[in-house]
Amino acid sequence: MRIGELAARAGTTTRTLRYYESRGLLPARRDAHGHRTYDEGDLRLLAQIRTLRDFGFDLEETRPFVECLRAGHPEGDACPASLVVYRHKLAELDALIGQLSAVRETVAGQLARAERARDELAAEALVPGGPEPRCELGGRQ
């Protein structure tokens, strides 16, 4: 198949395919007229790349999976290099989860503090002569 058909079937652009070719992820086969030619295996490579990219893998991180498919394995993650990338990505995700958990705790603490402050202001407003509650954004409640 030609580059336009592959792009359409893979749900991408010919520009992306040329870029993948320049990065060595997609083979650069040509017919007698110099046109790029592709087959179903190339479509599988692109599906693997897209899936990994959707999961947050960098383009270069897809290389071991592509090479595994090219080596004839039915799945791109059956090779040792692919497993290394999976392990690295899991460690990266665990670190991000830790960071997000810390941010969540901080935001939850800020919310609790703000709700206590709001409740204190509301209680003071009920006392005769107490302050009128004010919105922190400058308006009145």
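Above this text you will find the structure in question.
Conventions and cut-offs
Here, residues in each chain are numbered from 1, in the same order as that chain's written sequence. Only residues with pLDDT of at least 70 get local features here, since the model is predicted, and only at 80 or more are side-chain atom pairs given and counted; chain-wide, interface and lining totals rely on the full set of residues. Only heavy atoms go into the side-chain values, all of them from the structure, while hydrogens and water stay out. Helical segments are the DSSP runs of H or I of at least four residues, strand segments are the runs of E of at least two, and each set is numbered from the N terminus. Burial classes follow relative accessibility: with a 1.4 Å probe on protein chains only, a residue under 20% of its type's maximum area counts as buried, one over 50% as exposed, and anything between as partly exposed. Only heavy atoms enter the contact rule, under which two residues are in contact if any of them lie within 4.5 Å. Per-residue accessibility takes into account occlusion by the displayed protein chains alone, with areas from the Shrake-Rupley method and a 1.4 Å probe. In the analysis that follows, any N or O atom pair within 3.5 Å is treated as a polar contact, provided that within protein one partner can donate a hydrogen and the other can accept it, and provided that, for residues neighboring in sequence, both atoms belong to side chains.

Caption draft 1: Local environment of the overall build of the protein chain. Of regular secondary structure, the protein chain possesses 5 helices and 0 strands. Here the protein chain, with 141 residues, has 24% of them falling under the buried criterion. Sequence-distant contacts, at least 24 apart, represent 43% of the contacts inside the protein chain between residues at least 6 apart. With the model as given, the accessible surface of the protein chain reaches about 9700 Å², and the carbon-plus-sulfur share is 57%.

Caption draft 2: Representation of the side chain of Glu21 in the model. Mapped onto the secondary structure, Glu21 falls in helix H2 (residues 14–22). Side chain to side chain, Glu21 and Arg36 meet in a polar contact 2.7 Å long. Sequence-distant contacts of Glu21, that is, excluding residues within four places in its chain, are made with Leu26, Pro27, Ala28, Arg30, Arg36 and Tyr38.

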